[in-house]
Amino acid sequence: MYYSSGNYEAFARPKKPEGVERKSAYIVGSGLGALAAACFLVRDGQMKGERVHILEKDPIPGGACDGYLYENLGYVMRGGREMDNHFECMWDLFRSIPSIETEGVSVLDEYYWLNKEDPNYSLMRATVNRGEDAHTDKKFALSDKGAMEIMKLFFTPDEELYDKKITDYFDDEVLNSNFWLYWRTMFAFENWHSALEMKLYIKRFIHHVGGLPDFTALRFTKYNQYESMILPMLKYLESFGVQFHYGVKVENIEFDIQEDKKLAKRIVILRDGTEDHIDLLEDDLVFITNGGCVENSTLGSQNEVAPFNTEIKPGGGWDMWRKIAAQDPSFGNPDKFCYDPERSNWMSATVTTLDDRICQRDPFTGKVVTGGIVTVKDSNWLLSWTFNRQPQFRSQPKDQLVGWIYGLFSDKPGNYVKKAMRDCTGKEICMEWLYHLGVPENQIEDMAENSANTIPCMMPYITAFFMPRAAGDRPLVVPEGSCNFAFLGQFAETKRDTIFTTEYSIRTAMEAVYTLLDIDRGVPEVWGSVYDIRDLLNATVQLRDGKSITDMDLGLKERIALKEAIKKIEGTDIEKLLKEYKII
């Protein structure tokens, strides 16, 4: 497997890998990474669909990319997905996945056209005082000291960031700024999360820094993530005859570990409650989704609390990974991520309402509504909410709106409902949200009960991948010495890319399939904006709200040195470049 960039590799079709007719594939899980692996197996690996087996413990596919209408409950989206125009592996895949709505076009086509015709932007990024504009005004509001703290982290070697927290590098100069408000609520970072992950995110999305305050950097699908991404992939795979096995829990994978060779030899399963196993040969490839950010997720209802269930049980991704990791150090360290659900949980809620008085735009036009999350800056739960393009579900009645609410601090009492978010029913979460919208207090309970249906969801391990870590805590996508297995998803290790993105799941899948089948085509490298001087210069000025370096509060020596440096570049292309990007 090798990386590439540019159209030459992007438009090429690989030859059929040698010996693929003899091979079979077993994929653990049916989330985005697992389905992507199956797609790459049949598209680029040219493996026959009937030789690809997807083992899924639940009755439906999709993993964390869900979006369902549950009988006697209502519409539920545990989360949503924000996309980037430089998700190179994702768009490489979706150019080949047919739309399930429009004949003759791909998922990429319809997504591209939609976001060109209806670009995303937010009219109000944050509120205070019960619905008033917080007037963040597209500003990061960073002091020079705060900007220097971010720059220091940016240039710190990864090795020095192992097992370090964000608060080891940022103090209140950053943590009390608009920058941190935008960042933590958009990506769900907590102060105690990994400084390494924070650095990787800054580097990965450096080209989008200027678009973070108003979400012009983002792109969204037409419907929820399940109907816009998972269903088209499912139909594509079914057309090839890929085998889906539901109700199958993978409890362990047993390996033959030798000095220079590692072979997956048996998959231990529980099929509809009965213990069984699948014996493997070297031509049987295994793709393992280890861990799981939505494992132990629970749903409440309008009048019921979503239980906070942290117990890790056999048949789930965490217990399976523990059993796998016990067999070889190269298989990672799951307990670095799942040891403290108090530090990796947050809650979401899906609200279905008939009321259209929720934002400045008309939500029934089919176009952008809030343009991303609106964060309630003075919320004890650090509540954020969003209504994406409506309808969010293809079955959604025309007079209904479906939105999404989430709170980073599930253990704190609300401002209006004096209970922790995790102890609230859907109705109570809706009441807290309505309070922060500015609904008159004497109308709140009636509206929450009679004009909305709200389904809470507790996710104990939703940000487990952000916990401080070191090299080796996540297994490589294809561990050294592996003959027939690979790891997929958010807890596998690949170069330069960032977790908690659709791209990461799909990238690990592409790298896994291309490595194990030795497919002779380049995997698109992570977009190289961090190496583009233009993006770096632009981000430097944007982070300081348009101020040049000559506006910094410098000491006498630094001012003299800067003045001399600027003199040295007078009349050069360097001076022209720095002026173009407002550095000087």
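The rules behind each value
Residues numbered from 1 in each chain as written. Predicted model: local features only at pLDDT ≥ 70, side-chain atom pairs only at ≥ 80, totals over all residues. Heavy atoms only, no water. Pairing = 2+ DSSP bridges. Helix = DSSP H or I, 4+ residues; strand = E, 2+ residues; numbered from the N terminus. Contact = heavy atoms within 4.5 Å. Axes fitted to C-alpha atoms, helices over the stretch in contact; angles between N-to-C directions. Buried < 20%, exposed > 50% of the residue type's maximum accessible area, 1.4 Å probe, protein only. Right-handed = clockwise from strand over helix to strand, strands pointing away. Parallel < 35°, antiparallel > 145°, perpendicular 65-115°, else oblique. Left-handed = near helix turned anticlockwise from the far one by under 90°. Nonpolar A, V, L, I, M, F, W, Y, C, P; charged D, E, K, R; others polar. Core = buried A, V, L, I, M, F, W, Y, C linked by side-chain atoms within 4.5 Å. 1 Å grid on protein atoms, 1.4 Å probe; cavity = no way out; pocket = protein on both sides within 12 Å on 5 of 7 lines; lining within 4 Å. Points joined across faces, edges and corners; volume = space filled by probe spheres on them. Salt bridge = Lys/Arg side-chain N within 4 Å of Asp/Glu carboxyl O.

What follows is about the sheet that holds strand S16 (residues 383-386). Taken in spatial order, the eight strands make up an open sheet running S7-S6-S15-S16-S17-S14-S18-S13, and their pairing is mixed. In the strand order of this sheet, the two ends are held by strand S7 (132-133) and strand S13 (298-299), each with one partner. With two bridges joining them, strand S15 (residues 374-376) and S16 adopt antiparallel strand pairing. By the bridge assignment for S16, Thr375 is matched with Ser384. Its contacts with the sheet put helix H7 (residues 178-187) on strand S6 (126-128), S15, S16 and strand S17 (401-407), and the angle it makes with S17 is roughly 115°.

Turning our eyes to something else, we now look at the pairing of strand S3 (residues 52-56). Across the five residues that make up S3, a large majority, five, are buried. Burial of S3 is two-sided: the residues Val52, Ile54 and Glu56 facing one way and the residues His53 and Leu55 facing the other way are all buried. The handedness of the strand S2 (residues 24-28) to S3 crossover, carried by helix H2 (residues 32-43), is right-handed. As paired elements, S3 and strand S8 (residues 243-246) share four bridges and run parallel to each other. Paired with Ile54 across the bridge in S8 is Phe244.

With that settled, consider the sheet that holds strand S10 (residues 261-271). Reading across from one edge, S9-S10-S11 is the order of the three strands in this open sheet, with antiparallel pairing throughout. Single-partner strands in this sheet number two, and they are strand S9 (248-258) and strand S11 (274-279). The average undirected angle you get between the axes of adjacent strands in this sheet is 25°. Sheet topology note: the S9/S10 ladder contains ten bridges and is antiparallel.

It is the contact of H2 with helix H14 (residues 502-516), at a shortest axis distance of 8 Å, that shows an interaxial angle of 40°. Between H2 and H14, the angle falls in the class oblique. For the pair H2 and H14, the crossing hand works out as right-handed. Facing H2, whose interface residues are Leu32, Gly33, Ala36, Ala37, Phe40, Leu41 and Arg43, H14 presents Thr502, Ser505, Ile506, Ala509, Met510, Val513 and Tyr514. Looking at side-chain class alone, the contact of H2 with H14 contains ten nonpolar, three polar and one charged residues.

What follows concerns the nonpolar core. Burial of nonpolar side chains together is a common tendency in soluble globular proteins. Counting residues in each nonpolar core, the largest one holds 142 residues, and the members touching the most others are Ile27, Trp183, Met198, Leu237, Ile253, Ile267 and Phe287. Among the elements that take part in this core, H2 stands out by supplying ten residues, more than any other. Among all residues touching Ile253, those that are not within four sequence positions of it are Val28, Ala264, Arg266, Ile267, Val286, Ile288, Ile324 and Gln327. One finds Ile358, Trp385, Val417 and Met447 within the second-largest nonpolar core, a separate group that totals 29 residues.

According to the stated counting rule, one finds three cavities of 30 Å³ or more in the structure shown. In this structure, the largest cavity spans a volume of roughly 680 Å³. Secondary-structure elements contributing two or more residues to the lining of the largest cavity are H7, helix H9 (225-239) and S17. The element best represented in the lining of the largest cavity is S17, accounting for four residues.

With that out of the way, let us pick up helix H10 (residues 317-325). Counting buried positions over the nine residues of H10 gives seven, a clear majority of the element. By the burial criterion, the buried members of H10 are Gly317, Trp318, Asp319, Met320, Trp321, Ile324 and Ala325. On its buried side, H10 packs onto S2, S9, strand S12 (284-289), helix H11 (335-338) and strand S19 (485-488).

We now examine the environment of Asn296. Along the polypeptide, Asn296 turns up in the loop between S12 and S13. Sequence separation between Asn296 and Asp553 is 257 residues, and the spatial gap between their C-alpha atoms is 50 Å. When residues no more than four places from it in sequence are discounted, the contact partners of Asn296 are Asn309, Thr310, Glu311, Ile312, Met458, Pro460 and Tyr461.

Overall, the coordinates contain 42 salt bridges when judged by the stated rule. Between Glu227 and Arg394 there is a salt bridge, and its shortest N-O distance comes to 3.5 Å. Residue Glu227 is located in helix H9, and its partner Arg394 is located in the loop between S16 and S17; the two are separated by 167 residues in the primary sequence. Across the salt bridge formed by Arg507 and Glu511, the nearest N and O atoms sit 3.7 Å from each other.

With that out of the way, let us pick up unusual backbone geometry. Along the chain, Gln390 connects to Pro391 via a cis peptide bond; the corresponding omega equals 0°. Note that Pro391 resides in the loop between S16 and S17. A positive phi angle, near 50°, is found at Asp137, a position not held by glycine. Inspection of the secondary structure assignment puts Asp137 in the loop between S7 and helix H5 (144-155).

Locating Ser177 in the fold gives a position in the loop between helix H6 (172-175) and H7. If we skip the residues at most four places from it in the chain, Ser177 touches Phe140, Ala141 and Leu142.

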